[in-house]
Amino acid sequence: MGRVVNIASIAGLSGDKYIAAYSAAKHAVVGFTRSAAAETAGTGVTVNAICPGYVDTPMTDETLRKVSARTGKDRDDALRAVLAHAHQPRLVTPEEVATAVVALCGDHAADVSGQAIVLDAGAGRA
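Our subject in this report is the structure included herewith. As the structure is a computational prediction, the values presented were derived from the model and not from experiment.

**Focus: helix α1 (residues 20-40)**
Consideration 1: Between its terminal C-alpha atoms α1 stretches 30 Å, which fits the 30 Å expected from 21 residues at 1.5 Å a residue.
Consideration 2: Immediately beyond the C-terminal end of α1, within one or two residues, lies Gly 42, with a positive phi of roughly 85 degrees.

Below, the structure is given as structure tokens:
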């Protein structure tokens, strides 16, 4: 039994303005995940990707600084705008990402492979 869990992003499932390079890199992670899952099928190894939305991390803080600089909004207004644009009710916590990784590493996930699992704080993406 083996588990590989890659960290991608919702940006790896769609594109958006200002993030072309980031989106391309995360699309590559999702593609790699799916290809590696196909190559390891039937071996007991699963390969999946977690695709979080905006997570409460320094990276998101930097994004909010950039939005504030570009728009003149204060941090709270920038956060509301970013979350609204992403259709995300709140920031995902790092603990939620870790919990998803641990869940994919468990025995109960032995038949889950090649998936890009979205974590968007309950936004209800289809």
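**Describing the packing of helix α2 (residues 58-71) against helix α3 (residues 75-85)**
In helix packing, the relevant descriptors are the interaxial angle and the interaxial distance, both defined with respect to the helix axes.
Consideration 1: Where α2 meets α3, the axes come as close as 9 Å, and the angle between the chain directions of the two elements is 105 degrees. By the angle between their directions, the pair α2 and α3 is classed as roughly perpendicular. Where α2 approaches α3, its residues Asp 61, Leu 64, Val 67 and Ser 68 are matched on the opposing element by Arg 75, Ala 78, Leu 79 and Val 82.
Consideration 2: Residues that form the contact of α2 with α3 fall into these classes: five nonpolar, one polar and two charged.

**Examining the environment of Ala 49**
Consideration 1: Residue position: Ala 49 is located in strand β2 (residues 45-52).
Consideration 2: Spatially, the C-alpha atoms of Ala 49 and Arg 34 are 8.6 Å apart, while their sequence positions differ by 15 residues.
Consideration 3: Dropping the residues within four chain positions of it, Ala 49 is found in contact with Asn 6, Ala 8, Thr 33, Gln 115, Ala 116 and Ile 117.

**Describing α2**
Consideration 1: The first and last C-alpha atoms of α2 sit 20 Å apart over 14 residues, in line with the 20 Å expected at 1.5 Å per residue.
Consideration 2: Those residues of α2 that fall on the buried side of the exposure criterion are Thr 60, Leu 64, Val 67 and Ser 68. Relative to the axis of α2, the buried residues are bounded by an arc of 100 degrees and lie together on one face. Turned more than 90 degrees off the buried face of α2, the exposed positions are Pro 58, Arg 65 and Ala 69.
Consideration 3: The positive-phi residue at the C-terminal boundary of α2 is Gly 72, with phi of around 80 degrees.

Each value, and the rule that gives it
Residues numbered from 1 in each chain as written. Predicted model: local features only at pLDDT ≥ 70, side-chain atom pairs only at ≥ 80, totals over all residues. Heavy atoms only, no water. Helix = DSSP H or I, 4+ residues; strand = E, 2+ residues; numbered from the N terminus. Expected span 1.5 Å × (residues − 1). Axes fitted to C-alpha atoms, helices over the stretch in contact; angles between N-to-C directions. Parallel < 35°, antiparallel > 145°, perpendicular 65-115°, else oblique. Contact = heavy atoms within 4.5 Å. Nonpolar A, V, L, I, M, F, W, Y, C, P; charged D, E, K, R; others polar. Buried < 20%, exposed > 50% of the residue type's maximum accessible area, 1.4 Å probe, protein only. Arc of directions from axis to C-beta.

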